[in-house]
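The primary structure of each chain is shown beneath.
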Amino acid sequence: MAYSGWLIKVGNYIIPAGKFIKAESYSAYVNMQDLDPWTDADGYIHREAVELKAEKVEFETPAMLTNVLFTELMRNIQANYTVPRARQLILTAYIPEYDDYVTQTAYLADFTPQIYSSAGGIIRYNPVRLSFIGGVYHGGS
């Protein structure tokens, strides 16, 4: 399946790009993973690539107008956690290398919202970088 008009979906929630993803900030790829790589005495690297390519997706939000928008984004993400205490979720993201979507169990990495104004009882945020890291083991065989 090629690009279908959206970039990232958390559970059943498609994150609206125009609303919550700052232009030119979306980065999505899969990390090659090796099983016990080693370098021999001649400097050659010996690798055994594993099947799973761990997905990583990062983007910045635009500067939020109010805390209402940031709360909307976070509540929709949180509603789709499969393991809330681990911020674990099912992530589907468009991966440019494949011109396709990859779905994996993932987690939302720690992030730091930075407030630039609280004037008039309204909180305003600088852009917030969100990172989703896939390849999380979810049980089973």
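Residues numbered from 1 in each chain as written. Predicted model: local features only at pLDDT ≥ 70, side-chain atom pairs only at ≥ 80, totals over all residues. Heavy atoms only, no water.

## Quick notes on the overall build of the protein chain
Working step 1: Secondary structure summary: the protein chain contains two helices and twelve strands in total.
Working step 2: Secondary structure elements of the protein chain, listed N to C terminal, follow the sequence β-β-α-β-β-β-β-α-β-β-β-β-β-β.
Working step 3: Across its three principal directions, the C-alpha atoms of the protein chain cover 65 × 30 × 30 Å.
Working step 4: For the protein chain, the residues scored as buried account for 33% of the 141 residues in total.
Working step 5: A sequence separation of at least 24 residues applies to 65% of the contacts in the protein chain between residues at least 6 apart.
Working step 6: Between the centroid of the 11 positive side chains of the protein chain and the centroid of its 15 negative side chains there is a distance of 15 Å. (Helix = DSSP H or I, 4+ residues; strand = E, 2+ residues; numbered from the N terminus. Buried < 20%, exposed > 50% of the residue type's maximum accessible area, 1.4 Å probe, protein only. Contact = heavy atoms within 4.5 Å. Lys, Arg positive; Asp, Glu negative; His and termini not counted. Charge placed at Lys NZ, Arg CZ, Asp CG, Glu CD.)

## Details of the nonpolar core
Working step 1: By size, the foremost hydrophobic cluster in this structure holds 31 residues, and its most contacted members are Ile8, Ile15, Tyr26, Ile77 and Phe132.
Working step 2: At five residues, the largest contribution of residues to this core is made by strand β8 (residues 88-95). (Core = buried A, V, L, I, M, F, W, Y, C linked by side-chain atoms within 4.5 Å.)

## Some words on the side chain of Thr61
Working step 1: Structurally, Thr61 is set in the loop between β6 (54-60) and α2 (67-78).
Working step 2: Not counting the four nearest positions on each side in its chain, Thr61 is found in contact with Phe20, Lys22, Leu73, Pro127, Val128 and Leu130.

## Quick notes on the side chain of Ser25
Working step 1: Mapped onto the fold, Ser25 is located in the loop between α1 (17-20) and β3 (27-31).
Working step 2: Ser25 gets classed as buried once you look at its relative accessible area, which sits at 10%.
Working step 3: Side-chain polar atoms of Ser25 contact the backbone oxygen of Lys22, separated by 2.7 Å.
Working step 4: Setting aside residues no more than four positions away along its own chain, Ser25 makes contact with Glu58, Phe59, Glu60 and Arg129. (Polar contact = N/O pair within 3.5 Å; in protein donor to acceptor, adjacent residues only side chain to side chain.)

## So, the pairing of strand β12 (residues 129-134)
Working step 1: Two elements, β6 and β12, share five bridges in a ladder whose sense is antiparallel. Pairing of Phe59 across the sheet is with Leu130, part of β12.
Working step 2: The pairing of strand β9 (residues 100-108) with β12 spans three bridges and is classified as antiparallel. Directly across from Ala106, in β12, lies its bridge partner Gly134. (Pairing = 2+ DSSP bridges.)

## What to know about the pattern of salt bridges
Working step 1: The final tally for this structure, using the stated rule, is four salt bridges.
Working step 2: The closest approach of N and O atoms between Lys56 and Glu58, which form a salt bridge, is 3.9 Å.
Working step 3: Looking at Glu58, the relative accessible area reads 19%, which means it is buried.
Working step 4: We note a salt bridge from Arg87 to Asp110, for which the minimum N-O separation is 2.9 Å. Here Arg87, found in the loop between β7 (81-83) and β8, pairs with Asp110, found in the loop between β9 and β10 (115-117); they are 23 residues apart in sequence, far enough to count as distant. (Salt bridge = Lys/Arg side-chain N within 4 Å of Asp/Glu carboxyl O.)

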